[in-house]
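Structural overview
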Amino acid sequence: MLDVKYVRNYPDQVREACRVKGEEDQVDEVLKLDERRREILQEVEVLKNKRNTVSKEIGELKKSGEDAQNKVAEMKEVSAKIKEMDEELKTVEKNMNYYLLCLPNIPHSDVPIGADDEENEIVKQKGEARKESYMKPHWEVAENLGIIDFQRAGKITGTRFVNYIGAGARLERALINFMIDIHVEEHGYQEMLPPFIVNRDSMTGTGQLPKFENDMYKLEDLEYFLIPTAEVPLTNLYRDEIMSKEEVPKYLVAFTPCFRKEAGAHGRDTRGLIRQHQFNKVELIKFVAPDNSYNELDALVSNAEKVLKMLELPYQVSLMCSGDLGFAAAKKYDIEVWLPSYDTYREISSCSNFEDFQARRANIRYRDESGQTKYVHTLNGSGLAIGRTVAAILENYQNQDGTVTIPEALRPYFGKQIIS
């Protein structure tokens, strides 16, 4: 959430952020409500001063035995007016807060201006992007090997759900353990296993609500939601808390299932593992000091890249343009893995710096070296989406005879060298 003072002082910058991100411009609504809020506060202050002054006069009149009824009646009217304005203030602040929650974060100056993913900037490519004539889509490879069953998953639940079988389930589990071990043992993250259901305050704190409620799975008649990513519970661990200077920076990692309606993705990636309603992911979260958050973003990208390097999967890193940046991020990189069946790179990890946007919403602060209380900067990255990593292995490591070789770094976790 943006500070209302920032919106008041720099309305044109906020309007520009709305424009380049393709978000609705609700700056005028915020400014009108902010102005009315300050008017009410001033008026109430005048009335309270008047009440204090006249109350003293009433006391003096009563001491001297004089009639104070007129002033008492006047004060009843003043108190009623104060109560009325306090109620209006609550309504104004509630409405202003809603519009503030709907304003997007300001893009960092490095972010290229563009409308959609066609205008993202590729900043790095690693590995050879191969496409052999025998290479089949991962869903065909998996079904031929009998390790994934989309049809029965559809019978159990519906489209865009998956049931892993035997070596498929083993591969998913191996990747989860492999990734968590890398981030804990090599990158210094603390492992967590948070709840998979969160409340409305948590979803609001990280920016999913109120804007994206239609994309979320909500439990009927309850203010609970299935998590769209571990970013939500991990970030909200410190909601309404002040972290000590010794706690910052703090790095957290967790495996969780994730649940998304994908309401705006009809007709896209309807086959295979790329766009599921339920999928597993290993998530990375950082709470850092503001003056070092962009160095921390670079390190976060490097942490996520390490997994693909060890698995020897071809990938590229793209800097998101303003129109593809997302609502809450100030700067974001996508790491995209090569998928021969698509003849292109597809996103497998996003690494974002939200600056203090989430911290203001969730009220997460820390004490700096001087003892001052400041908002932390929060960062989030997936390290990586597990199903998409399975897809990348099945496609990039498939052999002409239909078998799939397991990447060497993963073999200690999987226990075999090949799926046949």
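Predicted, not measured: the structure shown is a model, and the values here were computed from it.

Attention now goes to the overall build of the protein. Per the secondary structure count, the protein includes 13 helices and 17 strands. Its C-alpha atoms give the protein principal-axis dimensions of about 105 × 45 × 40 Å. By the burial criterion, 50% of the 420 residues in the protein qualify as buried. Sequence-distant contacts, at least 24 apart, represent 73% of the contacts inside the protein between residues at least 6 apart. Split by element, the accessible area of the protein, about 20400 Å² in all, is 44% carbon and sulfur. Side-chain charges of the protein comprise 57 positive and 71 negative groups, with the mean position of each set lying 3 Å from the other.

Per the domain assignment, the segments making up the protein are domain 1 (4-102) and domain 2 (117-419). On a C-alpha basis, the centroid separation for the pair domain 1 and domain 2 is 45 Å. A per-residue breakdown of the area domain 1 buries against domain 2 is headed by K21, E23 and L101, which together make up 72% of the total. Taken together, the connections running from domain 1 to domain 2 amount to 1 salt bridge. As a salt-bridge pair, E23 and K211 come within 2.8 Å of each other at their nearest N and O atoms. On inspection of domain 1 and its partner domain 2, the count reaches 7 residue pairs in polar contact (both at pLDDT 80 or more). Elements with a contribution of two residues or more to the side of domain 1 that touches domain 2: α2 (11-21) and α4 (69-101). Tallied by class, the residues present in the side of domain 1 that touches domain 2 amount to 4 nonpolar, no polar and 2 charged.

Cis geometry is adopted by the peptide bond preceding P210, which originates at L209 and carries an omega value of 5°. When you line up the elements, P210 lands in the loop between α8 (200-206) and β6 (224-226). Along the chain, V248 connects to P249 via a cis peptide bond; the corresponding omega equals 10°. Mapped onto the fold, P249 is located in the loop between β7 (241-243) and β8 (250-259). The phi torsion at R160 lies on the positive side, around 65°, for a residue other than glycine. Inspection of the secondary structure puts R160 in the loop between α6 (150-156) and β3 (163-164).

Here R346 is to be found in strand β12 (residues 344-353). Distance from R346 to K281, taken between C-alpha atoms, is 16 Å for residues 65 residues apart in sequence.

The element strand β10 (residues 315-319) is extensively covered by neighbouring structure, given that 5 of its 5 residues are classed as buried. Burial along β10 is two-sided: the face carrying Y315, V317 and L319 and the face carrying Q316 and S318 are both buried. Summarising the sheet, strand β1 (residues 121-126) and β10 pair through 5 bridges and their orientation is antiparallel. Residue I122 lies in a different strand from β10, and its bridge partner there is S318. Here β10 runs beside strand β11 (residues 331-339); their pairing, made up of 5 bridges, is antiparallel. Bridging from a neighbouring strand, Y315 pairs with V337 of β11.

Let's shift gears to the packing of aromatic side chains. Counted under the stated rule, the structure contains 8 aromatic pairs. Measuring from ring centre to ring centre gives 5.5 Å for Y98 and Y99, while their planes differ by 70°; the resulting arrangement is edge-to-face. Overall, the relative accessible area of 42% leaves Y98 in the partly exposed class. For Y99, a relative accessible area of 24% gives the class partly exposed. Ring centres of F212 and F327 lie 5.9 Å apart, and the angle between their planes is 80°; on these two criteria the pair is classed as edge-to-face. With a gap of 115 residues between them, F212 in the loop between α8 and β6 and F327 in the loop between β10 and β11 connect regions that are remote in the sequence.

A word on the packing of helix α3 (residues 27-63) against α4. Two elements in contact, α3 and α4, have axes separated by 9 Å at closest approach and are oriented at 160°. Classified by the interaxial angle, the pair formed by α3 and α4 is roughly antiparallel. The handedness of the crossing between α3 and α4 is left-handed. Of the residues that constitute the contact of α3 with α4, the class distribution is 19 nonpolar, 2 polar and 15 charged.

Cut-offs applied
- Residues numbered from 1 in each chain as written.
- Predicted model: local features only at pLDDT ≥ 70, side-chain atom pairs only at ≥ 80, totals over all residues.
- Heavy atoms only, no water.
- Helix = DSSP H or I, 4+ residues; strand = E, 2+ residues; numbered from the N terminus.
- Buried < 20%, exposed > 50% of the residue type's maximum accessible area, 1.4 Å probe, protein only.
- Contact = heavy atoms within 4.5 Å.
- Areas by Shrake-Rupley, 256 points an atom, 1.4 Å probe, with all protein chains shown as cover.
- Lys, Arg positive; Asp, Glu negative; His and termini not counted.
- Charge placed at Lys NZ, Arg CZ, Asp CG, Glu CD.
- Domains from an automatic or database assignment.
- Buried area = accessible area lost by both parts, 1.4 Å probe.
- Salt bridge = Lys/Arg side-chain N within 4 Å of Asp/Glu carboxyl O.
- Polar contact = N/O pair within 3.5 Å; in protein donor to acceptor, adjacent residues only side chain to side chain.
- Nonpolar A, V, L, I, M, F, W, Y, C, P; charged D, E, K, R; others polar.
- Pairing = 2+ DSSP bridges.
- Phe/Tyr/Trp six-rings, centres within 6.5 Å; stacked < 30°, edge-to-face > 60°.
- Axes fitted to C-alpha atoms, helices over the stretch in contact; angles between N-to-C directions.
- Parallel < 35°, antiparallel > 145°, perpendicular 65-115°, else oblique.
- Left-handed = near helix turned anticlockwise from the far one by under 90°.

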